[in-house]
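A look at the structure
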Amino acid sequence: MRLRLRDEMIAALPIMETLEEAGHEAVFVGGAVRDAVLGLPIQDVDIATSATPEETLALFPKCIPTGLQHGTVTVVQHGMTYEVTTYRAEAAYVGHRKPSEVVFIKGLDEDLLRRDFTMNAMAIQLSGELYDPCGGEGDLRASRLRCVGDPSLRFQEDALRMIRAVRFLGAYRLAPVPSLWRSLKRHAALLRHVAMERVQAELDKMLGSDVPERALIWLAASGLLSHWKEPLPGSALSKMNQAMEEWKGSAGDELQLTDMAQLPVKDERWAAVFLSLAFTGEEAGSVMSQLRFSNKRSMFISAVIDCHERMIDRGQPTRNDVAPLKRAWTEVVLTAGESAARSWLRIARTLPHNQGRLTQPSAALLASWLEDMPAKTLKELAVGGAEVLQRLNRPAGPWLSKTLSRLLLAAASGETANEKDKLLAWAENWNEEDRSDEH
Ligand code: ATP
Ligand code: MG
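Residues numbered from 1 in each chain as written. Chains lettered and ligands numbered in written order. Predicted model: local features only at pLDDT ≥ 70, side-chain atom pairs only at ≥ 80, totals over all residues. Heavy atoms only, no water.

Some remarks on the domain arrangement of the chain
When the parts come together, some accessible area is lost, and that loss is often what is quoted as the size of the interface. For the chain, the domain assignment lists domain 1 (1–142), domain 2 (144–257), domain 3 (260–372) and domain 4 (378–438). In this structure, domain 2 and domain 3 have C-alpha centres spaced 27 Å apart. Residue-level contacts link 25 residues of domain 2 with 21 residues of domain 3. Taken together, the two surfaces of domain 2 and domain 3 that pack against each other cover about 2,100 Å², and 59% of this comes from carbon and sulfur. Between the two partners, domain 2 and domain 3, sit five salt bridges. A salt bridge links Asp204 to Arg297; the shortest N-O distance between them is 2.9 Å. Scanning the region where domain 2 abuts domain 3 turns up 14 residue pairs in polar contact (both at pLDDT 80 or more). Taken together, the elements giving at least two residues each to the side of domain 2 that touches domain 3 come down to α9 (196–208), α10 (212–222) and α11 (234–248). Residue contributions to the side of domain 2 that touches domain 3 peak at eight residues, all from α9. Across the side of domain 2 that touches domain 3, the residue classes break down as 15 nonpolar, five polar and five charged. (Domains from an automatic or database assignment. Contact = heavy atoms within 4.5 Å. Buried area = accessible area lost by both parts, 1.4 Å probe. Salt bridge = Lys/Arg side-chain N within 4 Å of Asp/Glu carboxyl O. Polar contact = N/O pair within 3.5 Å; in protein donor to acceptor, adjacent residues only side chain to side chain. Helix = DSSP H or I, 4+ residues; strand = E, 2+ residues; numbered from the N terminus. Nonpolar A, V, L, I, M, F, W, Y, C, P; charged D, E, K, R; others polar.)

Next up, the structure:
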């Protein structure tokens, strides 16, 4: 079958031509071929070649020896980077994860045979001709996920393939052939050989896909969640298992899970999943640290969960309790930060009803208060520490930051205007009370 080359592939043709003119073979491989066959947007364009890494290095003035031991050279062209990898075969695998040895070879067939799934084992030649010895295209058209070769062996060689399988089943709306699914369930315990960083990367891709719920259902059904290298906290695992029982009977659209299509930001999706599963902040924190989330990501997600925990018990606001609700919301915005508060507003609208979904009128009310909040950070407060010190004529001490936080809350909630004189007068009063409390 001949395909019309995609623009991203056409841009890489000069690299392929250089390799071919020097007497080597060069083809497009991997995810870009799969996505091109499906007519989906393509990500990185990867090239496989019969040239050795040294031969590739010698042909291109601008290249980086990214992973020479695996045969990968990154070629830079017009500001774009392309991974050019020598055809290779993999000797016996060690530790259910990595081949003990990589052997460079001259034939494309064997290189394709080492790949994980038939849909990832296709190549496109310079002419646009699809080379597909494993029948990947047919499997894709039939929405089938199939391993190259015996699934049981392939999962035992490299346990990462099991979680990749789950991701592809979800993101590409596939169904596994029965032998793949049987083998995956049989070997699920081998996932403990996979580094947590890799698990994070796969889960991230699952949540980033168009239909994250699908991958999560497959993940739950696979049994893989019980076999992380660093086991999930017992309470988190039992919450997931409970959700899994509920998911089993559901047809996707009835899933007791957040509607993630409405959340374009990946970390909002993570927060939404944790909240849908009724994880506490502590449980989510341990899972994120196990998965090696960066501090920045886990602080943001924790702040969103914190907003939820502090707001949700209040129920939906009614006419009578508007003032306390506004006060509580103001405190939440000031401590969690505006960005986490805005994210929570978006997420809470999408949660399942039993996990405290926020109604549209409540969300609109909280959002309007947020818009109108006169100050949300100390920077926006109309007075600074020096002015407060001077006015109160009191030596600096821990009281100062306490006073500034209290002033911010007063300004943000409208107890006083965000104006210098009013704030200083307010600080004076408050300071008197504070001091008399001390005596
Ligand atoms: P995506 O880039 O969308 O995550 P991909 O299939 O391109 O998906 P990569 O990790 O970029 O994934 O790998 C490129 C190719 O390398 C794959 O298409 C597959 O052919 C092969 N591959 C990747 N990981 C494995 C593995 N663990 N075992 C066997 N082959 C693999
Ligand atoms: Mg890729």
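Quick word on the side chain of Ser183
When you line up the elements, Ser183 lands in helix α8 (residues 178–186). Classification of Ser183 as buried rests on a relative accessible area of 4%. (Buried < 20%, exposed > 50% of the residue type's maximum accessible area, 1.4 Å probe, protein only.)

Some thoughts on the side chain of Asp139
Mapped onto the fold, Asp139 is located in helix α5 (residues 136–141). Judged by its relative accessible area of 2%, Asp139 falls in the buried class. In terms of polar contacts, Asp139 uses its side chain to reach the side chain of Arg146, at 2.9 Å. Among all residues touching Asp139, those that are not within four sequence positions of it are Thr118, Arg144 and Arg146.

Topic: the site of ligand 1
Lining the immediate surroundings of ligand 1 are 13 residues, of which Arg34, Asn120, Asp158, Arg161 and Lys205 lie closest. Between ligand 1 and Arg34, the relevant distance is 2.8 Å, taken from an oxygen atom to a side-chain nitrogen or oxygen of the residue. Note that a nitrogen atom of ligand 1 is positioned 2.8 Å from one of the side-chain N or O atoms of Arg161. For ligand 1, whose unbound accessible area comes to 580 Å², protein coverage reaches 77%. Mapped onto the shell around ligand 1, the elements with two or more residues apiece are α2 (31–38) and α7 (160–171). (Near = heavy atom within 4 Å. Areas by Shrake-Rupley, 256 points an atom, 1.4 Å probe, with all protein chains shown as cover.)

Observations regarding the packing of aromatic side chains
Taken as a whole and judged by the stated rule, the model has seven aromatic pairs. Aromatic side chains Trp181 and Trp218 sit 4.9 Å apart centroid to centroid with 75° between the ring planes, which places their arrangement in the edge-to-face category. Here Trp218 lies in helix α10 and Trp181 lies in helix α8, a separation of 37 residues in the sequence. Across the pair, Trp218 and Trp181 agree in class, each one buried. Note on Trp270 and Phe274: the rings are 5.7 Å apart at their centroids and 40° apart in plane angle, and the pair reads as tilted. Placement of the pair is Trp270 and Phe274 together in helix α12 (residues 266–276), with a separation of four residues, close to one helical turn. Exposure class is identical for Trp270 and Phe274. Each is buried. Through successive ring pairs, a cluster of aromatic residues spans Trp270, Phe274, Phe279 and Phe293. In this structure, Arg167 packs its charged tip against the face of Phe168, placed 4.6 Å from the ring centre. (Phe/Tyr/Trp six-rings, centres within 6.5 Å; stacked < 30°, edge-to-face > 60°. Lys NZ or Arg CZ within 6 Å of the ring centre and 35° of its normal.)

Digging into the nonpolar core
The biggest cluster of nonpolar side chains holds 109 residues, and the ones touching the most others in it are Met9, Phe28, Ile47, Trp228, Trp329 and Trp344. Apart from residues no more than four positions distant in its own chain, Phe28 is found in contact with Leu5, Met9, Ala12, Leu13, Met16, Val33, Val45, Asp46, Ile47, Met122, Ala123 and Ile124. Counting residues in each nonpolar core, the second largest holds 17 residues, with Trp399, Ala411, Leu424 and Trp426 among its members. (Core = buried A, V, L, I, M, F, W, Y, C linked by side-chain atoms within 4.5 Å.)

Notes on the pattern of salt bridges
Enumeration according to the criterion identifies 32 salt bridges in this entry. The residue Glu90 makes a salt bridge to Arg114 at a minimum N-O spacing of 3.6 Å. With Glu90 in strand β6 (residues 88–90) and Arg114 in the loop between α4 (108–113) and β10 (123–124), this pair connects stretches of sequence that are 24 residues apart. The closest approach of N and O atoms between Lys422 and Glu419, which form a salt bridge, is 3.3 Å. One connected set of salt bridges, linked through shared partners, spans Arg88, Glu90, Asp111, Arg114 and Arg115.

Here's the deal with the sheet that holds strand β4 (residues 72–77)
Taking strand neighbours across the sheet as the criterion, the seven strands line up as β3-β4-β5-β2-β1-β10-β11 in an open arrangement whose pairing is mixed. A single partner strand is all that each edge strand has here, and the edge strands are β3 (63–67) and β11 (130–131). Here β10 pairs with β11 via two bridges, running antiparallel. From the neighbouring strand, Ile124 faces β11, where its bridge partner is Leu130. The strands touched by helix α1 (residues 7–21) are β1 (26–29), β2 (46–49), β4, β5 (80–86) and β10; relative to β1, the strand with the most contacts, the crossing angle is about 150°. Across the sheet, α2 is in contact with β1, β10 and β11; its angle to β1 comes to roughly 70°. (Pairing = 2+ DSSP bridges. Axes fitted to C-alpha atoms, helices over the stretch in contact; angles between N-to-C directions.)

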